[in-house]
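# Per-entry structural report
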Amino acid sequence: MPQPSTSIYARGAIYGLTAVSIWAAFIVVSRLGVRTSLTPWDVAAIRFAVAGVLLLPYLARKGLALDRLGWVGVTSIAAGCGAPMVLLVNAGLLLAPAAHGGALFPGVMPVMVAILAAVVLGEAFTGRKTAGLMLIVLGAIGIVWTSGGTLGTHQNIGHALFLAAGLAWACYTVAMRRAKLDGLHAAAIAAVVSLFVYLPIYALVASGSLLKAPLFDVVLQAIVQGVLTAIVALLLYGRMVGMLGATAGAAFVALTPAMTALLGIPVLGEWPNLIDWLAIIVISAGVYLVSGGPLPAR
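Residues numbered from 1 in each chain as written. Predicted model: local features only at pLDDT ≥ 70, side-chain atom pairs only at ≥ 80, totals over all residues. Heavy atoms only, no water.

### A few points about the overall build of the protein chain
The criterion, for reference: The helix and strand labels rest on DSSP assignments: H or I over at least four residues marks a helix, E over at least two residues marks a strand, and numbering proceeds from the N terminus. The rule is simple: take the accessible area with a 1.4 Å probe, protein chains only, and divide by the maximum for that residue type; under 20% is buried, over 50% is exposed, in between is partly exposed. Contacts are residue-level and defined by heavy atoms, with any inter-residue pair within 4.5 Å sufficient. Throughout, the Shrake-Rupley method with a 1.4 Å probe supplies accessible areas, and for residues the shown protein chains are the sole cover considered.
Tallying secondary structure elements over the protein chain gives 12 helices and zero strands in all. Going residue by residue from the N terminus, the α and β elements of the protein chain occur as α-α-α-α-α-α-α-α-α-α-α-α. In the protein chain, buried positions account for 55% of the 298 residues. Pairs at least 24 residues apart make up 88% of the contacts formed inside the protein chain by residues separated by at least 6 positions. Accessible surface, the protein chain as shown: approximately 12600 Å² in total, 74% of it carbon and sulfur.

### Digging into the nonpolar core
To keep things clear, this is the line we draw: Throughout this description, the term nonpolar core refers to a set of buried Ala, Val, Leu, Ile, Met, Phe, Trp, Tyr and Cys residues connected via side-chain atoms within 4.5 Å.
Core analysis: the biggest nonpolar cluster contains 80 residues, and Ile77, Trp169, Tyr172, Leu181 and Tyr237 have the highest contact counts within it. Among the elements that line this core, the one with the most residues is helix α8 (residues 183-206), at 13 residues. Not counting residues up to four positions away in its chain, the partners in contact with Tyr237 are Ala19, Trp23, Trp169, Tyr172, Thr173, Met176, Gly249, Ala250 and Val253. Of all hydrophobic cores here, the second largest spans five residues; its members include Val43, Ile46, Ala213 and Ala222.

### Thoughts on the packing of aromatic side chains
For the record, the criterion: Each Phe, Tyr or Trp ring (for Trp, its six-membered ring) is paired with any other whose centre lies within 6.5 Å, and the angle between the two planes then decides the class: stacked below 30 degrees, edge-to-face above 60, tilted in between.
Enumeration over the complete set of coordinates arrives at four aromatic pairs. Aromatic side chains Tyr198 and Tyr202 sit 6.0 Å apart centroid to centroid with 35 degrees between the ring planes, which places their arrangement in the tilted category. In this pair, Tyr198 and Tyr202 both sit in helix α8, four residues apart, roughly one turn of the helix. Note on accessibility: Tyr198 and Tyr202 belong to one class, buried. One aromatic cluster in this structure is built from Trp169, Tyr172 and Tyr237.

### Focus: the packing of helix α2 (residues 40-62) against α8
Two packed helices can be described by the angle between their axes and the distance between those axes. Condition: Here an axis means a line fitted to C-alpha atoms, over the contact stretch when the element is a helix, while the angle between two N-to-C directions is reported on a 0 to 180 degree scale. With respect to orientation, any angle under 35 degrees is reported as roughly parallel, any angle over 145 as roughly antiparallel, any angle of 65 to 115 as roughly perpendicular, and every other angle as oblique. In this scheme, a crossing is called left-handed if the near helix is turned counterclockwise away from the far one by less than a right angle; it is called right-handed if the turn is clockwise.
Across the interface, α2 lies against α8 with an axial gap of 6 Å and an inter-helix angle of 130 degrees. When the axes of α2 and α8 are compared, the pair comes out oblique. As for the relative orientation of α2 and α8, their crossing is left-handed in sense.

### Some thoughts on the side chain of Thr173
As a reminder of what qualifies: Under this definition, polar contacts are N or O atom pairs within 3.5 Å; protein pairs additionally need one hydrogen-donor-capable and one acceptor-capable atom, and for neighbouring residues in sequence, both atoms have to be side-chain atoms.
With respect to the helices, strands and loops of the structure, Thr173 is situated in helix α7 (residues 155-179). At 2.7 Å, the side chain of Thr173 and the side chain of Tyr237 are in polar contact. Excluding residues within four positions of it along the chain, Thr173 makes contact with Val113, Tyr237, Val241 and Ala246.

### So, a nonpolar patch on the surface
Note the cut-off: Like-charged residues are merged into a patch within 9 Å and nonpolar side chains (Val, Leu, Ile, Met, Phe, Trp, Tyr) within 5 Å, provided each residue has over 30% relative accessible area and no salt bridge. Every case where a carboxyl oxygen of Asp or Glu lies within 4 Å of a side-chain nitrogen of Lys or Arg is listed as a salt bridge.
A contiguous nonpolar surface patch, about 560 Å² in accessible area, is contributed by Leu54, Leu215, Val219, Ile223, Val227, Leu228 and Val232. Element by element, the count of residues in the nonpolar patch is highest for helix α9 (residues 215-244), at six residues. As for its position among the elements, Ile223 is in helix α9.

As structure tokens, this is what we get:
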């Protein structure tokens, strides 16, 4: 894919940075929710009850886009930004800190997207892209390491869940790009499928636990998860991928650790250290390279 012009890159970057800010809030608020009165299953139910109902009329008009996606594509969309991905992230946050989720889920995911995009979409691995991906992964590993992540602990289960969520998201990104699907359309497919598949299962096994939660916790999750994360951020992400390509667009998501670290200070009391900040700088440089940011002339 050719390098985008400076104006197109600037527009895509604005979409990407706005989406990243929302996703950082998603990580922190999810962590806050599962640390207080809500379970991961409650958080997912709130998200898709709100987003599914809001987007149901839109999907009724647009349909599942089976002619472009096929059933494999629809499944990738529904799993990659629907209930399976959210449950993987929320369950991981029960076992590992928000900093680990903010690093491993969006930090390693661009590499997964790059591999899938190379195979499915024919997006080439240039030297610049490879260098940027290496910086992103190096920074993500640095954040996990300095946040107390060690081998052989229960945190590693959370790490594995974050990586699985990243793979699911990579499948969604590539499927959306291949079908040239609008971000809101993809969000509607994921939300409505999750509404009709996940919510009945949740209602059977939850025994009304959500009704016992404080109203403030439920409303906060409904706004951040159901509206901002499941609708607004996915709309922005879809437009960014359409402008910059699957790998370049997905690279912006790796900036989430920086935003997560900043939001984690006042909300969770989780302070990043010096090495965390250095890792954030390394990740940011990698994102700029992979996403096709303009470089000075040689």
